[in-house]
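# Summary of structural features
Given next are the chains, with one letter for each unit.
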Number of protein chains: 2
Amino acid sequence: MTLADHAAPAPRPGRRADAERNRAAIIKAAGEVFAECGGGVDVREIARRSGVGMGTLYRHFPTKDALLVTVLERQFDAWLTDAYQWAVATEDPWRALTGFFEQLLDTQAGNRAVVESFATTGGPSDACVQRCYAIIDELRTRCVDAGVLRSGVTTEDLFLLSGSVSQAVLTTADSHPGKWRRLLRISLDGLSSRNTEPLPEPGVGTDARV
Amino acid sequence: MTLADHAAPAPRPGRRADAERNRAAIIKAAGEVFAECGGGVDVREIARRSGVGMGTLYRHFPTKDALLVTVLERQFDAWLTDAYQWAVATEDPWRALTGFFEQLLDTQAGNRAVVESFATTGGPSDACVQRCYAIIDELRTRCVDAGVLRSGVTTEDLFLLSGSVSQAVLTTADSHPGKWRRLLRISLDGLSSRNTEPLPEPGVGTDARV
DNA sequence: GATCAATCGGAGCGACTGCTCCGCCTGAAG
DNA sequence: CTTCAGGCGGAGCAGTCGCTCCGATTGATC
């Protein structure tokens, strides 16, 4: 997997060589196992797959959840970076935005734990979510300036949209791989400025706000 | 596993009065508890809430999953019927379709277990899903005949769309209730016949980004 | 009221899982 | 090589959860 190259961990000084090796093995194995089985897997499976004992695993990560967050953060951050770099290199603002989402969802397609994290905690981690928000906001602003985005669409709308489609990505992964692209396209087309009706305000008002 | 294994029969004749009362109490309590906490709750909590012992609960339902399916089926079926009756009474095909989805999602909003069921097993039960499919297909056909629906949109697309937005309904329920309506509107507007670009076919490669 | 089969309740069993404890091992410093 | 602190492994602890077992109870029938 190419995403491993992206962010090198911070090798703490004064740690023994075998400890460093084991830590890397744990992160790698956990990444695979969580992606396959979701965050609910038995920790023993991760220990087994990384060729390490339970004691070793729990010295490096105080808790199963800490390991999960570490792994999720790394993976998602790498994808985010890839998709973002592609998007900034794309001139057409609309294609940059839509392509960003498609690329991001594409990489998530096979990762149970990442998709789960959107449903349960709203994202892999607060830091990831904030970074994602910042990127989406940049791409959104470009679209707004170009006048191709429906008025009233917020960054939060876009983030939520991505999270909800990611659910469909996972549920159709086995039976109909790729079918989620239709959903994404439909939703994204609803974001086009050709849709002029105002979006409903979550408050109480029934009125139009543009 | 066929539906018959899960579906609990209607009030059987020769059952004692207290047994019938307990059965009803179990279903009622289970409906509330599953809705609040999701399908992962401890069965003991359901027994407690319904004022019944574990033995009683397990005489009426062979398995926790059977109870869950029974409850989910009842609830979802009721909502489906309501939303459908509203839709058939609505003349405008587009409003019938969009209103149907909004109404259905609205009732699901507070029910963890039902939303979960879409993410895990694709729906409350096979029978429910089929019935839902049939209804959606009818509403879809009306829209197609009226020429208001984007060409190429399948019943499956609509079902998947509903399931994915339902996820957003749950994740935003606590923090931003009602925000999902914006998402739904966006997605539904992408279904309008004013969007003329063909939808990507699954099975073919990923040239959709252009 | 007497009878008894259907029903009830909840302690407890077995399986699973996150995490810890502790005796053994080993990399690296002198 | 010797030394030993830091690292290692995995058996086991404690808590949870689905489900069962069986003695006590109770509704229906006569």
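Residues numbered from 1 in each chain as written. Chains lettered and ligands numbered in written order. Predicted model: local features only at pLDDT ≥ 70, side-chain atom pairs only at ≥ 80, totals over all residues. Heavy atoms only, no water.

Per an unreviewed UniProt entry, chain A goes by TetR family transcriptional regulator and derives from Actinoplanes cyaneus.

Position of Asn195 of chain B among the secondary structure elements: in the segment after helix H10 (180–189). Along the sequence, Asn195 of chain B and Thr56 of chain B sit 139 residues apart, while their C-alpha atoms lie 56 Å from each other. (Helix = DSSP H or I, 4+ residues; strand = E, 2+ residues; numbered from the N terminus.)

Moving on to the interface of chain B and chain A. Taken together, the contact pairs 41 residues of chain B with 42 residues of chain A. A combined buried area of about 3800 Å² lies between chain B and chain A, and 55% of that area is made up of carbon and sulfur atoms. Our count for the chain B to chain A interface comes out at twelve salt bridges. Its salt-bridge partner being Asp189 of chain B, residue Arg150 of chain A comes within 2.6 Å of it at the nearest N-O pair. Run the count over chain B and chain A and you get 18 residue pairs in polar contact (both at pLDDT 80 or more). (Contact = heavy atoms within 4.5 Å. Buried area = accessible area lost by both parts, 1.4 Å probe. Salt bridge = Lys/Arg side-chain N within 4 Å of Asp/Glu carboxyl O. Polar contact = N/O pair within 3.5 Å; in protein donor to acceptor, adjacent residues only side chain to side chain.)

A word on the protein's contact with DNA strand C. Of all residues adjacent to DNA strand C, which total 26 residues, the nearest are Arg44, Thr63 and Lys64 of chain A together with Arg16 and Asn22 of chain B. Taken together, the sugar and phosphate atoms account for 51% of what DNA strand C places within 4 Å of the protein. Contact between DNA strand C and Asn22 of chain B: a phosphate oxygen at 2.4 Å from a side-chain N or O atom of the residue. At a separation of 3.0 Å, a phosphate oxygen of DNA strand C approaches a polar side-chain atom of Thr56 of chain B. Counting only elements with at least two residues in the surface near DNA strand C, the list comes to helix H1 (17–37), helix H2 (43–49) and helix H3 (54–60) of chain A together with helix H2 (17–37) and helix H4 (54–60) of chain B. With five residues, H4 of chain B is the single largest residue contributor to the surface near DNA strand C. (Near = heavy atom within 4 Å.)

Relative to the assigned elements, Thr172 of chain A resides in the loop between helix H8 (155–171) and helix H9 (180–189). Given the relative accessible area of 3%, Thr172 of chain A is considered buried. Here the side chain of Thr172 of chain A touches Ala168 of chain A through a polar contact of 2.7 Å, landing on its backbone oxygen. When neighbours within four sequence positions are excluded, Thr172 of chain A is seen to be in contact with Pro177 and Trp180 of chain A together with Leu160 of chain B. (Buried < 20%, exposed > 50% of the residue type's maximum accessible area, 1.4 Å probe, protein only.)

Turning next to the protein's contact with DNA strand D. Surrounding DNA strand D, one finds 26 residues, the nearest of these being Asn22 and Thr56 of chain A together with Arg44, Thr63 and Lys64 of chain B. The sugar-phosphate portion of DNA strand D accounts for 54% of its atoms within 4 Å of the protein, the bases making up the rest. Between a phosphate oxygen of DNA strand D and a main-chain N or O atom of Val41 of chain B, the distance comes to 3.4 Å. Where the surface near DNA strand D is concerned, the elements lending two or more residues are H1 and H3 of chain A together with H2, helix H3 (43–49) and H4 of chain B. Per-element accounting of the surface near DNA strand D gives the leading share, five residues, to H3 of chain A. Residues that form the surface near DNA strand D fall into these classes: eight nonpolar, eight polar and ten charged. (Nonpolar A, V, L, I, M, F, W, Y, C, P; charged D, E, K, R; others polar.)

It is worth spelling out helix H9 (residues 155–171) of chain B at this point. Between its terminal C-alpha atoms H9 of chain B stretches 25 Å, which fits the 24 Å expected from 17 residues at 1.5 Å a residue. Burial of H9 of chain B is extensive: 16 of the 17 residues sit out of reach of the surface. (Expected span 1.5 Å × (residues − 1).)

Before going further, it helps to spend a moment on the UniProt feature "domain: HTH tetR-type" (unreviewed entry) in chain A. In this structure's numbering, the residues bearing the UniProt feature "domain: HTH tetR-type" (unreviewed entry) are residues 20–79 of chain A. Between the end C-alpha atoms of residues 20–79 of chain A the distance is 25 Å, and the span holds 80% helix and 0% strand. (UniProt positions renumbered as here; feature names shortened; annotations may be inferred.)

Before going further, it helps to spend a moment on the nonpolar core. Phe34, Leu67, Phe76, Phe100 and Leu191 of chain A are the most contacted members of the largest nonpolar core, which totals 56 residues. For this core, the leading source of residues is helix H4 (residues 64–88) of chain A, giving ten residues. Once residues within four sequence positions are removed from consideration, Leu191 of chain A is found in contact with Trp94, Val148, Leu149, Arg150, Val153, Leu158 and Leu161 of chain A together with Ile186 of chain B. Core analysis: the next-biggest nonpolar cluster, separate from the first, contains 55 residues, Leu72, Ala109, Cys143 and Leu149 of chain B among them. (Core = buried A, V, L, I, M, F, W, Y, C linked by side-chain atoms within 4.5 Å.)

Before going further, it helps to examine the relation of the copies chain B and chain A. Once chain B is rotated about the relating axis by 180° and shifted along it by 0.0 Å, it coincides with chain A to within an RMSD of 0.0 Å. Taken together, these values place the two copies in the relation of a two-fold axis. Taken together, the interface assignments show that 90% of the residues at the interface of chain B recur at the interface of chain A, consistent with an identical surface on both copies. (Least-squares fit on C-alpha atoms with pLDDT ≥ 70 in both.)

Before going further, it helps to examine the environment of Leu139 of chain A. Residue and element names in this part refer to chain A. Relative to the assigned elements, Leu139 resides in helix H7 (residues 126–146). Assessed through its relative accessible area of 1%, Leu139 is described here as buried. Taking the C-alpha atoms as reference points, Leu139 and Leu97, 42 residues apart in sequence, are found 5.7 Å from one another. Once residues within four sequence positions are removed from consideration, Leu139 is found in contact with Ala87, Ala96, Leu97 and Phe100.

Under the local residue numbering, the UniProt record ascribes the feature "DNA-binding region" (unreviewed entry) to residues 42–61 of chain A. The distance separating the terminal C-alpha atoms of residues 42–61 of chain A is 15 Å; by composition the span is 70% helix and 0% strand.

Turning our eyes to something else, we now look at the packing of aromatic side chains. Residue and element names in this part refer to chain A. Applying the stated rule across the entire model yields eight aromatic pairs over all chains. Pairing Phe76 with Phe118 gives two aromatic rings, centres 5.7 Å apart and planes at 65°, and the pair type is edge-to-face. Of this pair, Phe76 sits in helix H4 while Phe118 sits in helix H6 (residues 112–120); the two residues are 42 residues apart in sequence, bridging distant segments of the chain. Residue Phe76 shares its accessibility class with Phe118, and that shared class is buried. Among the aromatic residues, those joined into a cluster by ring pairs are Phe76, Phe118, Tyr133 and Phe159. (Phe/Tyr/Trp six-rings, centres within 6.5 Å; stacked < 30°, edge-to-face > 60°.)

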